[in-house]
Amino acid sequence: MTDTRHAEIVIIGGGIIGCAIAYHLTRMGRRDVVVLEKSGLTHGATWHAAGLVGQLRSSRNTTRMLQRSVALYDRLEAETGQAIDWKKVGSLRLACSRERLLELKRSATMAKSFGLEMELISPAEAQKLFPIMSTDEVLAAAYIPSDGYIDPASVTQALAKGARDGGATILQGQRVEGFDIDNRRVKRVHTQDASYACETIVNAAGMWGREIGRMMGVAVPVLALEHQYLITEPIPDMPKDMPTLRDPDKRVYYKPEVRGLVVGGYEDDTLPFGDAGVPRDFGRELLAGNFDRFEPLAALAAERTPVVNEVGVRELINGPIPYSADGDFVMGKAPELDNCFVAAGFLYGIAAGGGAGQMMAEWITEGEPSLDLWPLDIRRFAPHHNTRAFMYPRAVEHYGRHYKLQAPGGESGVARGLRRSPLHGILRSKSAVFGSKAGWERPNWFAPPGTDAVEKPSYERPNWFDAVAEEHRVVRGGVALIDQTSFAKFELSGPNALESLQYLAVSQMDRPPGSVIYTQLCNARGGIEADLTICRLAEQRFYIVTGSAFGLHDSHWIQRHIPDLQTARLSEVTSAYAVINLCGPLAREVLRAVSDDDVSNAAFPFATCRHITVGSAPVLALRIGYVGELGWELHVPSEFAAYLYEALAAAGAAHGIRDVGYRAIDTLRMEKGYLYWSADITPDYNPYEAGLGGRVVLNKGEFLGRGALQRVKTEGPRRRLCTFSLERPVAVYGGEAILRDGHVLGVTCSANFGHSVGKPIAFGYLASEDITGDDYQIESFGEAVPARRHEQALYDPDMSRLKA
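Residues numbered from 1 in each chain as written. Predicted model: local features only at pLDDT ≥ 70, side-chain atom pairs only at ≥ 80, totals over all residues. Heavy atoms only, no water.

K.L.:
Requested: an account of the overall build of the chain, with residues and values cited.
P.N.:
The secondary structure content of the chain amounts to 17 helices and 39 strands. In terms of overall size, the chain behaves like a compact globule, its C-alpha atoms giving a radius of gyration of 27 Å where 804 residues would be expected to give roughly 28 Å. Over its C-alpha atoms, taken along the principal directions, the chain stretches across nearly 85 × 65 × 50 Å. Per-residue burial for the chain yields a buried fraction of 61% across its 804 residues. (Helix = DSSP H or I, 4+ residues; strand = E, 2+ residues; numbered from the N terminus. Rg over C-alpha atoms; globule rule 2.2 N^0.38 Å. Buried < 20%, exposed > 50% of the residue type's maximum accessible area, 1.4 Å probe, protein only.)

K.L.:
Let's hear about unusual backbone geometry: which residues, and what values?
P.N.:
For Asp269, which is not glycine, the phi dihedral falls at a positive 60 degrees. The topology assignment puts Asp269 in the loop between β15 (260-265) and β16 (272-273). Residue classification places Asp269 among the exposed residues on the basis of a relative accessible area of 60%. With a phi angle near 50 degrees, Phe781 is a residue other than glycine that sits in the positive phi range. Looking at where Phe781 falls in the secondary structure, it is placed in the loop between β38 (775-780) and β39 (783-790).

K.L.:
Residue-level account of the sheet that holds strand β21 (residues 432-437), with values.
P.N.:
If you trace the three strands from one edge of the open sheet to the other, you get β20-β22-β21, paired in mixed fashion. Since the sheet does not close on itself, it has two edges, and those belong to β20 (419-420) and β21, each with one partner. Here β21 runs beside strand β22 (residues 440-446); their pairing, made up of six bridges, is antiparallel. When the sheet's bridge partners are listed, Gly435 is paired in β22 with Arg442. (Pairing = 2+ DSSP bridges.)

K.L.:
Requested: an account of the nonpolar core, with residues and values cited.
P.N.:
Among the nonpolar cores identified, the biggest contains 107 residues, and Ile11, Ile21, Met65 and Met331 are the most heavily contacted of them. A total of nine residues in this core trace back to one element, the largest contributor, which is helix α8 (residues 349-366). Not counting residues within four places of it along the chain, the set of residues in contact with Met331 comprises Met65, Val342, Phe346, Ala356, Met359, Met360, Trp363, Leu373, Leu376, Asp377 and Ile378. (Core = buried A, V, L, I, M, F, W, Y, C linked by side-chain atoms within 4.5 Å. Contact = heavy atoms within 4.5 Å.)

K.L.:
For the packing of helix α1 (residues 16-27) against helix α2 (residues 60-80), give the residues involved together with the corresponding values.
P.N.:
Each pair of packed helices gets described by two things: the angle between the helix axes and the distance between those axes. Direction vectors running N to C along α1 and α2 enclose 75 degrees, while the axes themselves pass 14 Å from each other. When the interaxial angle is binned, α1 and α2 end up roughly perpendicular. Together, Ile16, Tyr23, His24 and Arg27 of α1 and Leu72, Tyr73, Arg75, Leu76 and Glu79 of α2 make up the contact between the two elements. (Axes fitted to C-alpha atoms, helices over the stretch in contact; angles between N-to-C directions. Parallel < 35°, antiparallel > 145°, perpendicular 65-115°, else oblique.)

K.L.:
With reference to specific residues and values, describe α1.
P.N.:
Taking 1.5 Å per residue as the helical rise, α1 with its twelve residues ought to reach 16 Å, and the 16 Å between its terminal C-alpha atoms agrees with that figure. Counting buried positions along α1 gives eleven out of twelve residues, so the element sits mostly inside the fold. For α1, the set of buried residues is Ile16, Ile17, Gly18, Cys19, Ala20, Ile21, Ala22, Tyr23, His24, Leu25 and Thr26. One or two residues past the end of α1 sits Gly29, with phi positive at roughly 95 degrees. (Expected span 1.5 Å × (residues − 1).)

K.L.:
Provide a residue-level description of α8, including the pertinent values.
P.N.:
Where α8 bends most, the angle comes to about 40 degrees, and this point is Gly355. Among the 18 residues of α8, 16 are classified as buried, and the element is accordingly described as predominantly covered. At the C-terminal side of α8, Gly367 shows a positive phi close to 90 degrees. (Bend = angle between axes of the 7 residues up to and from the residue.)

K.L.:
Any chance you could break down the pairing of β22 for me, citing the residues and the numbers?
P.N.:
Extensive coverage of β22 is indicated by the burial of seven of its seven residues. Between β21 and the antiparallel strand that follows it, β22, lie two residues; Ala438 among them carries a positive phi value of about 55 degrees.

K.L.:
Describe the pattern of salt bridges, naming the residues involved and giving the relevant values.
P.N.:
Tallying each qualifying case throughout the model produces 49 salt bridges. With a shortest N-O distance of 3.5 Å, Arg473 and Glu470 are connected by a salt bridge. Here Glu470 and Arg473 lie together in helix α11 (residues 465-477), a separation of three residues that amounts to about one turn. Across the pair Arg592 and Glu589 runs a salt bridge whose closest N-O atoms are separated by 3.3 Å. Of this pair, Arg592 and Glu589 both sit in helix α14 (residues 587-594), three residues apart, roughly one helical turn. Look at the salt bridges and you will find they share partners, linking Arg476, Glu629, Glu671 and Arg801 into a network. (Salt bridge = Lys/Arg side-chain N within 4 Å of Asp/Glu carboxyl O.)

K.L.:
Pulling in residues and values, what's your account of the packing of α1 against α8?
P.N.:
Running from N to C, α1 and α8 cross one another at 45 degrees; their axes reach a closest spacing of 7 Å. Classed by the angle they form, the pair α1 and α8 counts as oblique. As α1 packs across α8, the resulting crossing turns out to be right-handed. In contact with Ile16, Ile17, Ala20, Ile21, His24 and Leu25 of α1, α8 contributes Gly349, Ile350, Gly353, Gly354, Ala356, Gly357, Gln358, Met360, Ala361, Ile364 and Thr365. Tallied by class, residues from the contact of α1 with α8 come to ten nonpolar, seven polar and no charged. (Left-handed = near helix turned anticlockwise from the far one by under 90°. Nonpolar A, V, L, I, M, F, W, Y, C, P; charged D, E, K, R; others polar.)

K.L.:
So what about the packing of aromatic side chains? Which residues, and what values?
P.N.:
For the structure on display, the rule yields 20 aromatic pairs. Just above the ring of Tyr348 sits the side chain of Arg57; from NZ or CZ to the centre is 3.8 Å. (Phe/Tyr/Trp six-rings, centres within 6.5 Å; stacked < 30°, edge-to-face > 60°. Lys NZ or Arg CZ within 6 Å of the ring centre and 35° of its normal.)

K.L.:
Describe the sheet that holds strand β23 (residues 480-483), naming the residues involved and giving the relevant values.
P.N.:
Think of a sheet as strands paired side by side through backbone hydrogen bonds, with each pair either parallel or antiparallel. Within the open sheet, the six strands sit side by side as β30-β31-β32-β29-β23-β33. Their pairing is mixed. Each having just a single partner strand, β30 (609-614) and β33 (658-659) make up the two edges of the open sheet. Note that β30 and strand β31 (residues 617-622) share six bridges and pair antiparallel. Residue pairing across strands places His611 opposite Leu620, the latter belonging to β31.

Here's what the structure looks like:
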């Protein structure tokens, strides 16, 4: 009979992530913490990690999280008395082509906007820092002085010691064998020796995260891939305190290692490990080295550091590393259970460990982290991400692309075609170039006759630029069809549906049936958790539409915070309806030709919805859109979608109707000042800061976030989202620094080219005290470009075209 014990928080996994979470929980006053490790601390992937600590990532908040790792490593040895071998020697990243130099310049701009010190230096300056490198082909290097490397085992042991000193219990040799689950909560965790009653469970099991998740009924799309690096024999007169070095054009990285070098890299077609299930007994073990697979990387490394050919190889390390279905971390509260958190799939767990542990501890103790981590949130995944057929090909592809040039807008080439609109075949025959979002195949743009229907991303002018410009002009001047079937769609119904939405949404939801309400759902701090279109179909029946990738996130938020799930029922209806957006100034002429219903402005005004018939198809028509023109979103039962499309296309032929894709949607919405959740609005920002204060109705009664929003309105927002146009046609993508007189004031959150206004457009937040005048600069690839701030949308600011 097993012993039964109790712990407030049980953490499964004794790698760096599990130990870091325990460490931070104890620093936040949680003492009743137990870590269960099936083998020994660091066993699995932590112990053989290369140990590089880099901070800059494409997400500002992910970068901030990694900066917190560095801040912790700076003090951890003194705090715990445990040596961690932290070498804060900086990092170098080389550029050996014009395109790579553009990538580095963009990285430098992002680092500046994120508050991370980084400078571009010459090949000679790079060689002075890393004397054993050749400067052949090198054009420049990026240097981050606060990066470095650390001993993975030592830092994990130090975190474990800090956790123990704070009251946590760490048990090794305790393999989790099952769970007792009741009413969406894990009640007990069973090991071979004991059972642990707990209030909160944390899955930090690394490459076993998926198996542990499956035991709880939680989808955790993590896996393991083989990763190799070699350790050289000692190098004579090896310089001391060299930084780490990455040469992405040769696909390799370097780290000093006991008078020698660690040389690793990312080759194509690495092998999955444990694709039929990661062995339960795998611990402090390695896999057989594969010199044939590593040889091309070794040859490239010898070109950059010829000394590698002059000394022997001491060891070739081949170890499994955690990965996820999209190559990024898997963090947050699992939507399937009410007391389960996940922290797994850490490709660079040593760099992330300290900061990720803090974010997870905040999530557990306070209900949310202090940084919005949507790019890492477990709710970004759909069920298909957790299938072997999807996640292994995607992960292997992502691994092979780790150092390859990846200009903005690139798409995956594997595990495609999972979710297809009823219009997919029709649009493919019309030269649609598809992208992938949440498993959906969506038309990004349409290749003109005589051009290849293939995307070629670029840091300057991608091959779709002209085609998208023409699609943009069609929407502004004529009429277009856009397949938006991939919208996530829900119905909320039941006796308390209205009361539930009144509590969740900032807007007045008690409007007449037939109303379309654009609104936000906020957290207790007033931060924007969801950005939705909601149609009131009947007194207690609502139709909710959100972005393709946000369905799980938004439905989980609603289900967690809805006052009474017993009488208000949320049902997903995404697959039941296709959506065709009919838009443009001639949209009414087309719709009128195929419908007997009155679609005049008087009978069918903006921000309303009606059930109409188009031809013979029953349609829920929403007079709303995301492109800033007259139009309707036509929500139709999926089996009628092809028929509806053909009827509209035939009726619109005389008006030059065209198909339009998602790349044009983005340029159109930027001109109109429409915002995108996860970029322009997030839990970090409230509606008043985002210019959405008009959506907030404070006097409707109590609702989630009302107190915080009342304070913001009374005191005034401390920052505001601003719209900028750039005075030169440079490439901008978001993540650029906003400057005035050389000082960084903010960072752009979205950017694109406005084909109607003929200029690049960017959105970004500025502190209220910095919003004076309209002259600013936005840095594009290292160049400060004059930019003008605008108080209103650049296109149709009075909404006259939209409401025509």
